[in-house]
Every structure is written in C-alpha cells, then in structure tokens.
Amino acid sequence: MPSYDPAVIVKFAEKLYDDAQWITFVHAFIGFFIGAAIGITISLSLPPGPSITLPFSLVLGLLGCAIGAIHGYRKGFDLRLKAQTALCQLQIESHLKDMLQQITRTDSSVC
C-alpha cells in the first residue's frame, strides 16, 4: 500500500490550475473551426448564387468560438474548484495536526 504524501495533492492541484489556464482558449479555438466547417458545409450545399461561403462560415465560426469559450470557461472553473478542494483538505489536515499537538501538550503539562 502506498504511503500518504501531501506533495502529491499539491502537484495535482498545480496540474489542475495549469490545465484550467489553457482550456478556455483551446475550447474557443476548436469551437471556431467546428463552426466555420459547418458554415462552409451549409453554404456549399445551397443552390448556386451569390457567394456567401466566407461571411457565413466566419459568422458561424465566431458563434462556435463564443460557445466554445463559454464551455471552456465553465470547464476551467470546475478544474480550479477541484484544485481548491484538494488544497482545502490539506489545510484542514494541517490545522487538525496543530490542534492535536496543542491538546497533547496541554494534557501532558496538566499531569
């Protein structure tokens, strides 16, 4: 059985924060290209006429970018919340250790 190591939790929290920094940008980037691809596909399937491929694909690309950014921000927030929860648990452990040490010192000085 592995031994308990609080440094692992700190590394985990740092990794979550690093992931949270990039996830909004990555989702917005992916959303733009998905939206643009959908715009190109739809505009090419329309009957021949004035070319609306570029404007239509840009509009849907920007819409996809906005949707992706919102989704990425929410995902990033979830990752930061998980990191904070892990760090909070370490803080609770630290405070409990301090309290137990104070109680045992008090008990040993009373006797």
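Use the structure listed above.
What counts, and where the lines are drawn
- Residues numbered from 1 in each chain as written.
- Predicted model: local features only at pLDDT ≥ 70, side-chain atom pairs only at ≥ 80, totals over all residues.
- Heavy atoms only, no water.
- Patch = residues over 30% accessible without salt bridge, like charges linked within 9 Å, V, L, I, M, F, W, Y side chains within 5 Å.
- Areas by Shrake-Rupley, 256 points an atom, 1.4 Å probe, with all protein chains shown as cover.
- Salt bridge = Lys/Arg side-chain N within 4 Å of Asp/Glu carboxyl O.
- Helix = DSSP H or I, 4+ residues; strand = E, 2+ residues; numbered from the N terminus.
- Buried < 20%, exposed > 50% of the residue type's maximum accessible area, 1.4 Å probe, protein only.
- Contact = heavy atoms within 4.5 Å.

### A look at a nonpolar patch on the surface
The grouping of Trp22, Phe25, Val26, Phe29, Ile30, Phe33, Ile34, Ile38, Ile42, Leu46 and Ile52 at the surface amounts to a nonpolar patch, some 1,100 Å² of accessible area in total. Looking at the secondary structure, you find isoleucine 34 in helix 1 (residues 6-45).

### A few points about the environment of isoleucine 38
Along the chain, isoleucine 38 falls in helix 1. Put simply, isoleucine 38 and alanine 86 are 48 residues apart on the chain and 40 Å apart in space, counted from C-alpha to C-alpha.

### Quick word on the side chain of serine 43
With respect to the helices, strands and loops of the structure, serine 43 is situated in helix 1. Judged by relative accessible area, which is 8%, serine 43 ranks as buried. For serine 43, the contacting residues outside a window of four places in its chain are Ile52, Thr53 and Phe56.

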